[in-house]
There are 2 protein chains.
Amino acid sequence: MGNQALGKSSIGYEKPVFIMGSGNIVGQMENEGPLAGCFDKVSDDKNDMFGEDSWEKAESALQKEAIALTLEKTGLKAKDVRFLFAGDLLGQTIASSFGVLDYNIPFVGLYGACSTCGESLCMGSMAVAAGYADTVMSLTSSHFASAQKEFRYPLEYGGQRPLYASWTVTGSAGFLLQSEEASSNMQKAAKNTFRCKIGITGVTIGKIEDFGIKDSFNMGCAMAPAAAWTISTNLKDFGRTAKDYDAIFTGDLGNVGSEALYTLLEEENIDIRGKHYDCGMIIYDLEKQDVHAGGSGCGCSAVVLSAHILKKMAQGEWRRILFVPTGALLNKTSFNEGQNVPGIAHGVVIETV
Amino acid sequence: MGNQALGKSSIGYEKPVFIMGSGNIVGQMENEGPLAGCFDKVSDDKNDMFGEDSWEKAESALQKEAIALTLEKTGLKAKDVRFLFAGDLLGQTIASSFGVLDYNIPFVGLYGACSTCGESLCMGSMAVAAGYADTVMSLTSSHFASAQKEFRYPLEYGGQRPLYASWTVTGSAGFLLQSEEASSNMQKAAKNTFRCKIGITGVTIGKIEDFGIKDSFNMGCAMAPAAAWTISTNLKDFGRTAKDYDAIFTGDLGNVGSEALYTLLEEENIDIRGKHYDCGMIIYDLEKQDVHAGGSGCGCSAVVLSAHILKKMAQGEWRRILFVPTGALLNKTSFNEGQNVPGIAHGVVIETV
């Protein structure tokens, strides 16, 4: 039967692509929220410089460390990884270019703004499911300070942030994906971090949605239409209803964007309340931490998947989830030239099998 | 037998992925070089604004038009294209985000600097060969003025450019890729632009090479090691010698980078002189046009492939070629912070079949 092209934009895999392990690293603030103690490595420096002398280099150091942790946990070496799919938020994705350089792994650079974690899991699992590679890694990062410098104001300027703005997560996570054959053959060498089989069974490639939002701080509302499209398309393409998923995770809509998502999906008679979680609202305590609408950034959904969701799946909390990282497509030039802020979201179906 | 993962970093397809058509558009200067008259559409405005009021929007207009031309030439509609793989040089790849928006095609955003044309053909053909899609489009662009603003000095500043610097091509090209089934089934609807079957039969995913170049004007030398790695790896992975290719095209090494490439390959006893062409040296007349080392940018290799190489293949000039777009991984921040300029190059095997 083979892999199947489903409906508008989805792919169902004949065999699951196994997530054999995942390593993550975060800044200090991320370890002061609800997931404190869940991360593999936490910055020991209050400025989250990770031993570097610039924020961009600090973000590259995050990626470098996330690869090292993922390899360490799975007992693999860089040469065992055939392709690396990675991206980040910085212009020309320099956090990735300089972060992955030393590992010498054939590299596919991606840009999907904060949806990049989803995009990298889609491209990585597609490559493995097609037999193009036995073992690949998907990797993303973001850093609060490098993102502020890239998209908004210098930190020293002390600009006010509206309450619907989100806070860019400082963090990076890598995901080691393997074919069934490789995951069995290499069982002795490659330790399965999760002590149970968790696999990607299908994906839904997102499309760009532009609802005319012009306020680059209001990213939740800018991305909600794209998340709604991807969730709705995923359900149609796979012939499922929301009930077929134990949980649906968006990337970084925050509290404002999540409400917009519910409204948009209700217009299509889809109700995800009760089973929807937003990674941006999982990683921080919105009451106690000064993050306004929640966390955001490529690193947000990545570290929440790595440090929280996959672990809970391994413990049996959820059996089948839909993971939908969300991205806002803008840069400072497009914003200054008065362009809208369109969004995109990619969907990844993850199951314990 | 199926598709095959070959050697270190290559994939050989069981059946060719057919390039059914390609549309391209360029600025005025590109149409004053050796390929004058070969392009589908040329700017009618000496500033290459394409009817827009900013350079970034002009570059998006290029992508929009390249999609329209590709669809028109193949007799297809946007809804017939399952996935779009696209990228460009601008920060957060905004030329693509805003260029492709109106077509509503599920979208995979890529960043590989000037290697992105190769990356998009790799990802697009991989998706088709795996059966994930019948029809996809690969698309890239660059614009001289938006690139100067993004990477170097404002044009008004009138900065001097060293003789080894290249000139960013203003242009965009789309490539419509189809499976054998789709290309046969849709033969009536989808016109084959080339009146002969030209297909992608394999790819080699590049890896980042850093030889310590710090001068961001000297991109030819920064990218030559990556091109050498990809060509050498392609030959090893496919069990071929340079003789098995009728021609090998690099993206934008220019005259300086091409010499560096020959030297590096000669260390591995690979001689490509005589059959090597650089797209950056094909598109401009280096004697008569003031472009110094040659053309560069994501649009350079894309429009040369679209307007020149594929047409010559259709005419029987070459039967099997290796197409290797080359990218320099930097941005203005990494340059200002004293980082090196690493390179990457992706290889695409194209044959008439």
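Conventions and cut-offs
- Residues numbered from 1 in each chain as written.
- Chains lettered and ligands numbered in written order.
- Predicted model: local features only at pLDDT ≥ 70, side-chain atom pairs only at ≥ 80, totals over all residues.
- Heavy atoms only, no water.
- Least-squares fit on C-alpha atoms with pLDDT ≥ 70 in both.
- Contact = heavy atoms within 4.5 Å.
- Buried < 20%, exposed > 50% of the residue type's maximum accessible area, 1.4 Å probe, protein only.
- Helix = DSSP H or I, 4+ residues; strand = E, 2+ residues; numbered from the N terminus.
- Pairing = 2+ DSSP bridges.
- Right-handed = clockwise from strand over helix to strand, strands pointing away.
- Buried area = accessible area lost by both parts, 1.4 Å probe.
- Salt bridge = Lys/Arg side-chain N within 4 Å of Asp/Glu carboxyl O.
- Polar contact = N/O pair within 3.5 Å; in protein donor to acceptor, adjacent residues only side chain to side chain.
- Axes fitted to C-alpha atoms, helices over the stretch in contact; angles between N-to-C directions.
- Parallel < 35°, antiparallel > 145°, perpendicular 65-115°, else oblique.
- Nonpolar A, V, L, I, M, F, W, Y, C, P; charged D, E, K, R; others polar.

**Quick look at the relation of the copies chain B and chain A**
Of the transformation placing chain B onto chain A, the axial shift is 0.0 Å and the rotation is 180°, giving an RMSD of 0.0 Å. Taken together, the rotation and translation describe the operation of a two-fold axis. Comparing interface residues between copies, 100% of those in chain B also sit at the interface in chain A, which points to an isologous, same-surface contact.

**Here's the deal with the pairing of strand S4 (residues 83–87) of chain A**
Here is the key point about a regular strand: its side chains alternate between the two faces of the sheet. Residue and element names in this part refer to chain A. Counted residue by residue, S4 has five buried out of five residues, so it is predominantly covered. By the alternation rule, side chains of S4 split into Phe83, Phe85 and Gly87 and Leu84 and Ala86, which are all buried. Pairing analysis gives five bridges linking S4 to strand S6 (residues 135–142), with the strands arranged parallel. Along S6, the bridge assignment pairs Gly87 with Thr140. Pairing between S4 and strand S5 (residues 107–109): three bridges, direction parallel. Residue pairing across strands places Phe85 opposite Val108, the latter belonging to S5. For the segment spanning S4, helix H2 (residues 94–100) and S5, crossover handedness is right-handed.

**With respect to the interface of chain B and chain A**
The interface of chain B with chain A comprises 61 residues on the first partner and 61 residues on the second. Summing both sides of the interface, chain B and chain A together bury roughly 4,900 Å²; the carbon and sulfur share of this comes to 60%. On the chain B side of the contact with chain A, B:Gln92, B:Phe98 and B:Tyr132 bury the most area, a combined 16% of that side's loss. Counting across the interface, chain B meets chain A through two salt bridges. With a closest N to O distance of 3.5 Å, A:Lys149 and B:Glu337 form a salt bridge. On the surface where chain B and chain A come into contact, there are 28 residue pairs in polar contact (both at pLDDT 80 or more). In terms of residue count, the dominant contributor to the side of chain B that touches chain A is helix H3 (residues 116–129) of chain B (five residues).

**Side note on the packing of helix H3 (residues 116–129) of chain A against helix H9 (residues 298–314) of chain A**
Residue and element names in this part refer to chain A. One can describe the packing of H3 onto H9 by two numbers: an axis separation of 7 Å at closest approach and a directional angle of 60°. When the interaxial angle is binned, H3 and H9 end up oblique. For the pair H3 and H9, the contacting residues are Thr116, Cys117 and Leu121 in the first and Cys298, Ser301, Ala302 and Leu305 in the second. Split into classes, the residues belonging to the contact of H3 with H9 amount to five nonpolar, two polar and no charged.

**Quick notes on the side chain of A:Thr135**
For A:Thr135, the position within the fold is in strand S6. Within the structure, the side chain of A:Thr135 is placed 2.9 Å from the side chain of A:Gln178, a separation counted as a polar contact.

**Quick look at the pattern of salt bridges**
Side chains that differ in sign of charge can pair as their charged atoms come close. All names here are of chain B. Summed over the entire model, instances satisfying the criterion amount to 30 salt bridges over all chains. For Asp102, the salt bridge goes to Lys64, with nearest N and O atoms at 2.8 Å. Placement of the pair is Asp102 in the loop between helix H2 (94–100) and strand S5 (107–109) and Lys64 in helix H1 (residues 55–74), with a sequence separation of 38 residues.

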